[in-house]
Structures are given as C-alpha cells and as structure tokens.
Amino acid sequence: MWRDMTPAEIVTLPEARLGGALMAMFVFAILAVVAVILVAIIFTFIATTRGGDVLGGGRGLPGMLFIAPSAFVVVLATIFIVMTLARASTTPMVLSVGMVVWLVLRLLFAIGGQVALANQLARSGSGTILLSTLWPVLIGLAADGIAVAALCGYMADGTRPNAFYRRRVRASGSSLTTGAPRL
C-alpha cells in the first residue's frame, strides 16, 4: 500500500531525491546517449571522407539488424532522461513498457537475422548453422528478459522510483515497510 508524501517528507526523505540505483540508471542513460552521438559524428566524418562506405562492402542487413534495437534503446534513454529531469510521474511506466518493446524488437531482429544468415548460407552452399548461432542469441535474450523483468519490478514497486516520480511512500503498517532496502 502506498500513500502520498507530506510536504515535509518531500523535503527531508532521501528517497525523494535522485540517488541510488535510479541515479545510476540516469547516469548510464546519459552516457549511452552521449556515446551514440559521438559515434554518429565519427561515422558521419568517415562517410564523408570515404565516400559513404562506413560499414565496408555491402554488409548492410546484419548491421541494420543490430542498429534498429540499439537505436530504439537510445531513443528510450533520451525519453527517460527528459522525463526524469521533469520528474514525470509516468516515467516508470513509460520506461518499463519501452524496455518490454525493446526486448520484443531484439527477439524479432535476432530471429530475422538468423533467417537472413541461413538464407545466405543456403545460397552459398555452406549449409545451415541456424541452431548453433541462434542458441547464444536466445541465452542472451533470456538474460535480457530477466533484466527487463527486474527493471519493471523496481520501477513499479521500488521505494525510490515511487518517492521520486510519484511522490508516494509505503503506508505504515505495510508488511514491506520494515527492513526494506533503500534503492
């Protein structure tokens, strides 16, 4: 059970400020967006000096299969940064839904990439390695699924996201109040 924070709690409780795991997420989102901007600048420079052949020799499909989910997560990180700076109460829900969509995109693009690879290998007569290349991808996706589930749980029921974004704390008498770690 949650209750709205009092004006005194908003000022005094450390959970009402950006900190802990939430601060780490915010900092990493900023670093990811800055890194992508720097890489985009570097690739633009290389493309203009090498005549547009940045990835080298027509390997566009595998690159696009990696870039699409990555671009989505950078857009989501940017949205998270803006919403956190605005302290929007919908930030936990938007981030959680966005990460689930990202996971589905990763799954679809991973399967699509394996199908494209299998078709390319079948045309060249090399046989198919679909299972041996798909297995590590599926293990990685399972780990991503666990991480996304943990993020969704933290954003929905964590003390700091609720205090920082929604300005609410656990109601006294709640079984989860005692001994709950401050994240």
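Residues numbered from 1 in each chain as written. Predicted model: local features only at pLDDT ≥ 70, side-chain atom pairs only at ≥ 80, totals over all residues. Heavy atoms only, no water.

K.L.:
Mind showing me how you'd approach the overall build of the chain here?
P.N.:
When helices and strands are tallied, the chain shows 6 helices and 2 strands. Listed by position from the N terminus, the elements making up the chain come as β-α-α-α-α-α-α-β. Within the chain, the fraction of its 183 residues that count as buried is 28%. Expressed as a percentage of contacts within the chain between residues at least 6 apart in sequence, the contacts between residues at least 24 apart total 71%. (Helix = DSSP H or I, 4+ residues; strand = E, 2+ residues; numbered from the N terminus. Buried < 20%, exposed > 50% of the residue type's maximum accessible area, 1.4 Å probe, protein only. Contact = heavy atoms within 4.5 Å.)

K.L.:
Explanation requested: the pattern of salt bridges in the structure shown.
P.N.:
Side-chain pairing between opposite charges can occur once the charged atoms of the two side chains come close. A full pass over the atoms with the stated rule returns 3 salt bridges. Here Asp-144 ties to Arg-106 by a salt bridge, and the two come within 2.6 Å at their closest N and O atoms. Here Asp-144 is found in helix H5 (residues 130-157), whereas its partner Arg-106 is found in helix H4 (residues 91-124), with 38 residues between them in sequence. Between Arg-170 and Asp-157 there is a salt bridge; the shortest N-O distance is 3.3 Å. You can see Arg-170 sitting in strand E2 (residues 168-170) and its partner Asp-157 sitting in helix H5, a full 13 residues away along the chain. Classification of Arg-170 by relative accessible area gives buried; the value is 14%. (Salt bridge = Lys/Arg side-chain N within 4 Å of Asp/Glu carboxyl O.)

K.L.:
Could you clarify how one ought to interpret the environment of Met-25 in this entry?
P.N.:
Mapped onto the elements, Met-25 comes out in helix H2 (residues 20-49). When near neighbours in sequence (up to four residues on either side) are disregarded, Met-25 contacts Phe-80, Leu-95, Leu-151, Tyr-154 and Met-155.

K.L.:
Just checking my understanding: could you explain a nonpolar patch on the surface for this structure?
P.N.:
Together, Ile-30, Val-34, Ile-37, Leu-38 and Ile-41 make up an exposed nonpolar region whose accessible area comes to about 430 Å². Relative to the elements of secondary structure, Val-34 occurs in helix H2. A relative accessible area of 43% means that Val-34 is categorised as partly exposed. (Patch = residues over 30% accessible without salt bridge, like charges linked within 9 Å, V, L, I, M, F, W, Y side chains within 5 Å. Areas by Shrake-Rupley, 256 points an atom, 1.4 Å probe, with all protein chains shown as cover.)

K.L.:
Help me out: how do you make sense of the nonpolar core in this one?
P.N.:
Grouped burial of nonpolar side chains is what soluble globular proteins tend to show. Leu-22, Phe-80, Leu-95, Met-99, Met-155 and Tyr-165 are the most contacted members of the largest nonpolar core, which has 21 residues in total. Every element with two or more residues in this core is listed here: H2, helix H3 (60-85), H4, H5 and helix H6 (159-165). Apart from residues no more than four positions distant in its own chain, Met-99 is found in contact with Val-73, Leu-76, Val-148 and Leu-151. (Core = buried A, V, L, I, M, F, W, Y, C linked by side-chain atoms within 4.5 Å.)

K.L.:
How should I be thinking about the environment of Met-155 in this particular structure?
P.N.:
In this structure, Met-155 sits in helix H5. You can call Met-155 buried: its relative accessible area is 0%. Taking C-alpha positions, Met-155 is 9.0 Å from Leu-22, a pair spaced 133 residues apart along the chain. Setting aside chain neighbours within four positions, we find Met-155 in contact with Leu-22, Met-25, Phe-80, Pro-92, Leu-95, Ser-96, Pro-161, Asn-162, Tyr-165 and Arg-166.

K.L.:
What is the right way to read the packing of aromatic side chains from this model?
P.N.:
As enumerated under the stated definition, the model contains 1 aromatic pair in all. A ring pair is formed by Phe-164 and Tyr-165, whose centres lie 4.9 Å apart and whose planes are at 85 degrees; its orientation type is edge-to-face. With respect to class, Phe-164 is no different from Tyr-165; both count as buried. (Phe/Tyr/Trp six-rings, centres within 6.5 Å; stacked < 30°, edge-to-face > 60°.)

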